[in-house]
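# Report on the structure
These are the residues of each chain, in order.
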Amino acid sequence: MALALALSIPSIAQPTDQADTAGCKAEEAALEREIDLARSKGQMLRRRQLAEALVALQTRCKTLAPEQSRAAKIQRLEQDIRELRLELERAEEQLRELKSAAP
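Residues numbered from 1 in each chain as written. Predicted model: local features only at pLDDT ≥ 70, side-chain atom pairs only at ≥ 80, totals over all residues. Heavy atoms only, no water.

## Digging into the overall build of the chain
Summing up its helical and strand segments, the chain has four helices and zero strands in all. For the chain, contacts bridging at least 24 residues in sequence account for 50% of all contacts bridging at least 6. Put simply, the chain shows about 8,200 Å² of open surface, and 59% of that area lies on carbon and sulfur atoms. (Helix = DSSP H or I, 4+ residues; strand = E, 2+ residues; numbered from the N terminus. Contact = heavy atoms within 4.5 Å. Areas by Shrake-Rupley, 256 points an atom, 1.4 Å probe, with all protein chains shown as cover.)

## Structural notes on the layout of surface pockets
The calculated volume of the second largest pocket comes to roughly 170 Å³. If you go around the second largest pocket, the residues you meet are E32, I35, D36, R39, R47, A51, L54, A72, Q75, R76 and Q79. For the lining of the second largest pocket, the elements supplying multiple residues, two or more each, are helix 2 (18-40), helix 3 (44-61) and helix 4 (66-101). (1 Å grid on protein atoms, 1.4 Å probe; cavity = no way out; pocket = protein on both sides within 12 Å on 5 of 7 lines; lining within 4 Å. Points joined across faces, edges and corners; volume = space filled by probe spheres on them.)

## Brief notes about the nonpolar core
Within the largest apolar cluster, nine residues are counted, these being C24, L31, I35, A38, L50, A51, L54, L57 and C61. Put simply, the parts of the chain that give this core at least two residues each are helix 2 and helix 3. No other element matches the five residues that helix 3 contributes to this core. Among all residues touching I35, those that are not within four sequence positions of it are R47, L50, A51 and L54. (Core = buried A, V, L, I, M, F, W, Y, C linked by side-chain atoms within 4.5 Å. Buried < 20%, exposed > 50% of the residue type's maximum accessible area, 1.4 Å probe, protein only.)

## Some remarks on the environment of R82
Position of R82 relative to the elements: it lies in helix 4. By relative accessible area, which is 46% here, R82 ends up partly exposed. At 2.7 Å, the side chain of R82 and the side chain of Q79 are in polar contact. (Polar contact = N/O pair within 3.5 Å; in protein donor to acceptor, adjacent residues only side chain to side chain.)

## Section: the confidence of the model for the chain
Taken residue by residue, the chain gives an average pLDDT of 77. The fraction at 70 or more is 76%. Mean pLDDT values for the elements of the chain range from 45 in helix 1 (residues 2-13) up to 87 in helix 4. (pLDDT = per-residue confidence, 0-100.)

## Some points on the pattern of salt bridges
Counted under the stated rule, the structure contains eight salt bridges. A salt bridge links E83 to R39, with the nearest nitrogen and oxygen atoms 2.4 Å apart. With E83 in helix 4 and R39 in helix 2, the pair connects residues that are 44 residues apart, well separated along the chain. Under the relative-accessibility criterion, E83 is labelled buried at 8%. Three or more residues joined by partner-sharing salt bridges are found here, namely D36, R39, R47, R48, D80 and E83. (Salt bridge = Lys/Arg side-chain N within 4 Å of Asp/Glu carboxyl O.)

## Focus: helix 3
In an α-helix, one turn spans 3.6 residues; hence positions three or four apart end up facing the same way. With 18 residues, helix 3 extends 25 Å from end C-alpha to end C-alpha; this agrees with the ideal 26 Å at 1.5 Å per step. Buried residues of helix 3: M44, R47, L50, A51, L54, L57, Q58 and C61, and no others. When helix 3 is viewed along its axis, its buried side chains cluster within an angular range of 135° and face the same direction. Turned more than 90 degrees from where helix 3 packs its buried face, L45, E52, T59 and R60 sit exposed. Phi turns positive one or two residues past the end of helix 3, at K62, with a value near 55°. (Expected span 1.5 Å × (residues − 1). Arc of directions from axis to C-beta.)

Listed below in structure tokens is the structure:
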């Protein structure tokens, strides 16, 4: 617990400067690219993990206002639902094909 406190104090004590902001923006852009790549490859679990990491980064960097982050979270969840439904439809189609091909 002392270690966690010691690690969090320097980040609280130091003011956010432009270098930190630029670093946050760069990390955010990298995560968004990775999310898009995972989505294109159908890696839903990885995409969800990256999306959670992005939300944590945005919270840490305070890049979004609270109402924007809420709207962004709603939008991400709606997108997750659409993707999961599509994935479920594909799995159901594969199941139907396997059942129809069974002897």
